[in-house]
Amino acid sequence: MHQPRSDEPIYWLLFGAGGMVLGIVFPAVLILLLVAGLSSPDVQTGLLSFEHVKGMLGNWFVSLVIFACTMLLFWHCFHRIYHALHDFGIRVTKLHWFVLYGSCAALSFMALGFHLFAYVKAC
């Protein structure tokens, strides 16, 4: 008897990628922002000035990377919550699945909209 394929590996892949973003990318970005903030005492003319940040966000690749990191973090967090429900003794149903992953997809689309809006405004 042939069993249908599971879509669970896709969710675990997104979970793992979000964990890598959370564990490696965000600390590196925070350190870079800290160094950039400390390197110039004046916020209006330094690396973190409005014009400099606007120029970075006006780059389509930077905007795409920020969106991808945001989306992967959403998937990581909601997948962790979904499986933590089982650990707390809550019987997980399809309703939980639809609510959690639907919320994650909705937040991801909202983040995409915000990034597109910021990209268009920055250009």
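Residues numbered from 1 in each chain as written. Predicted model: local features only at pLDDT ≥ 70, side-chain atom pairs only at ≥ 80, totals over all residues. Heavy atoms only, no water.

Enquirer: Sorry if this is basic, but what is going on with the UniProt feature "transmembrane region" (unreviewed entry) in the protein here?
Expert: UniProt tags residues 12–37, 57–78 and 98–120 as "transmembrane region" (unreviewed entry). Measuring from the first to the last C-alpha atom of residues 98–120 gives 32 Å, for a span that is 100% helix and 0% strand. (UniProt positions renumbered as here; feature names shortened; annotations may be inferred. Helix = DSSP H or I, 4+ residues; strand = E, 2+ residues; numbered from the N terminus.)

Enquirer: Explanation requested: the environment of Gly16 in the structure shown.
Expert: You can see Gly16 is positioned in helix H1 (residues 8–39). Assessed through its relative accessible area of 33%, Gly16 is described here as partly exposed. Each C-alpha atom, one on Gly16 and one on Gly55, is 31 Å from the other, the two residues being 39 residues apart in sequence. (Buried < 20%, exposed > 50% of the residue type's maximum accessible area, 1.4 Å probe, protein only.)

Enquirer: Just to check I follow, could you spell out the state of the cysteines for this structure?
Expert: Note on terminology: a disulfide is the covalent bond linking the sulfur atoms of two cysteines. Evaluation of the coordinates by the stated rule reveals zero disulfides. The structure places no disulfide on Cys104, whose sulfur is separated from the nearest cysteine sulfur, that of Cys77, by 8.6 Å. The class for Cys104 is buried, based on a relative accessible area of 0%. (Disulfide = S-S within 2.5 Å.)

Enquirer: Mind showing me how you'd approach the nonpolar core here?
Expert: As a rule of thumb, nonpolar side chains are buried together in soluble globular proteins. Grouped together as the largest cluster of nonpolar side chains are 14 residues, with contacts concentrated most on Tyr11, Val21, Trp75, Tyr82, Trp97, Leu100 and Tyr101. Every element with two or more residues in this core is listed here: H1, helix H3 (60–87) and helix H4 (94–122). Broken down by element, the residue count for this core peaks at seven residues, all from H3. With sequence-adjacent residues up to four places away left out, Tyr11 is seen in contact with Trp75, His79, Trp97 and Tyr101. (Core = buried A, V, L, I, M, F, W, Y, C linked by side-chain atoms within 4.5 Å. Contact = heavy atoms within 4.5 Å.)

Enquirer: For this particular structure, what's the right way to read the packing of aromatic side chains?
Expert: Where two aromatic rings form a pair, the distance of their centres and the angle of their planes describe that pair. This structure, assessed with the given rule, holds nine aromatic pairs. Look at Tyr82 and Tyr101: their rings are 5.5 Å apart centre to centre, the planes differ by 55°, and that puts the pair in the tilted class. Of this pair, Tyr82 sits in helix H3 while Tyr101 sits in helix H4, and the two are 19 residues apart along the sequence. Classification of Tyr82 as buried rests on a relative accessible area of 15%. Aromatic ring contacts, followed pair by pair, group Tyr11, Trp75, Tyr82, Trp97, Phe98 and Tyr101 into a single cluster. In this structure, Lys94 is placed above the aromatic ring of Trp97, and the distance from its NZ or CZ to the ring centre is 4.9 Å. (Phe/Tyr/Trp six-rings, centres within 6.5 Å; stacked < 30°, edge-to-face > 60°. Lys NZ or Arg CZ within 6 Å of the ring centre and 35° of its normal.)

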